Amino acid sequence: MQNITLLLPKDLLRKVKHIAIDRQTSVSGLLTKMLEEIVRKEDLYEKAKLRNISLLERDNINLGTEGKITWNRDDLYAF
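So, here is what we can say about the structure in this document. (Residues numbered from 1 in each chain as written. Predicted model: local features only at pLDDT ≥ 70, side-chain atom pairs only at ≥ 80, totals over all residues. Heavy atoms only, no water.)

### A short note on the overall build of the protein
Next, step 1: Each helix and strand in the protein was counted, giving three helices and zero strands.
Next, step 2: Ordered by position in the sequence, the α and β elements of the protein form the string α-α-α.
Next, step 3: Along the longest, intermediate and shortest principal axes, the C-alpha atoms of the protein span 55 × 35 × 25 Å.
Next, step 4: The buried share of the protein, reckoned over its 79 residues, is 5%.
Next, step 5: Summed over its atoms, the accessible surface of the protein is roughly 8100 Å², and 57% of this surface lies on carbon and sulfur atoms.
Next, step 6: Charged side chains in the protein number 14 positive and 12 negative. The centres of these two groups are separated by 9 Å. (Helix = DSSP H or I, 4+ residues; strand = E, 2+ residues; numbered from the N terminus. Buried < 20%, exposed > 50% of the residue type's maximum accessible area, 1.4 Å probe, protein only. Areas by Shrake-Rupley, 256 points an atom, 1.4 Å probe, with all protein chains shown as cover. Lys, Arg positive; Asp, Glu negative; His and termini not counted. Charge placed at Lys NZ, Arg CZ, Asp CG, Glu CD.)

Structural data, given as structure tokens:
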């Protein structure tokens, strides 16, 4: 484990402490759980992305873009 220092507004810290108490944990424990969840979701997203890219390559599916973005924001809202 490694310590970090956070600078939080007093009002926010007070509210976070109450949330931690309600969940029967510490502020550190609460933040650790939240950060672990963020990392878990990012890992799942990355795995899904790689799996789908692999399927596209394996099945030789051509999306017609050749890996390039051929549109801009205005094109999406033109219709």
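### Quick notes on helix H1 (residues 10-22)
Next, step 1: With 13 residues, H1 extends 19 Å between its outermost C-alpha atoms, agreeing within 8% with the 18 Å of an ideal straight helix rising 1.5 Å per residue.
Next, step 2: Positioned one or two residues after H1, Gln-24 has a phi angle of 55 degrees, which is positive. (Expected span 1.5 Å × (residues − 1).)

### What to know about a nonpolar patch on the surface
Next, step 1: Taken together, Ile-4, Leu-6, Leu-8 and Leu-12 make up a surface patch of nonpolar side chains, about 370 Å² in accessible area.
Next, step 2: With respect to the element layout, Leu-12 can be found in helix H1. (Patch = residues over 30% accessible without salt bridge, like charges linked within 9 Å, V, L, I, M, F, W, Y side chains within 5 Å. Salt bridge = Lys/Arg side-chain N within 4 Å of Asp/Glu carboxyl O.)

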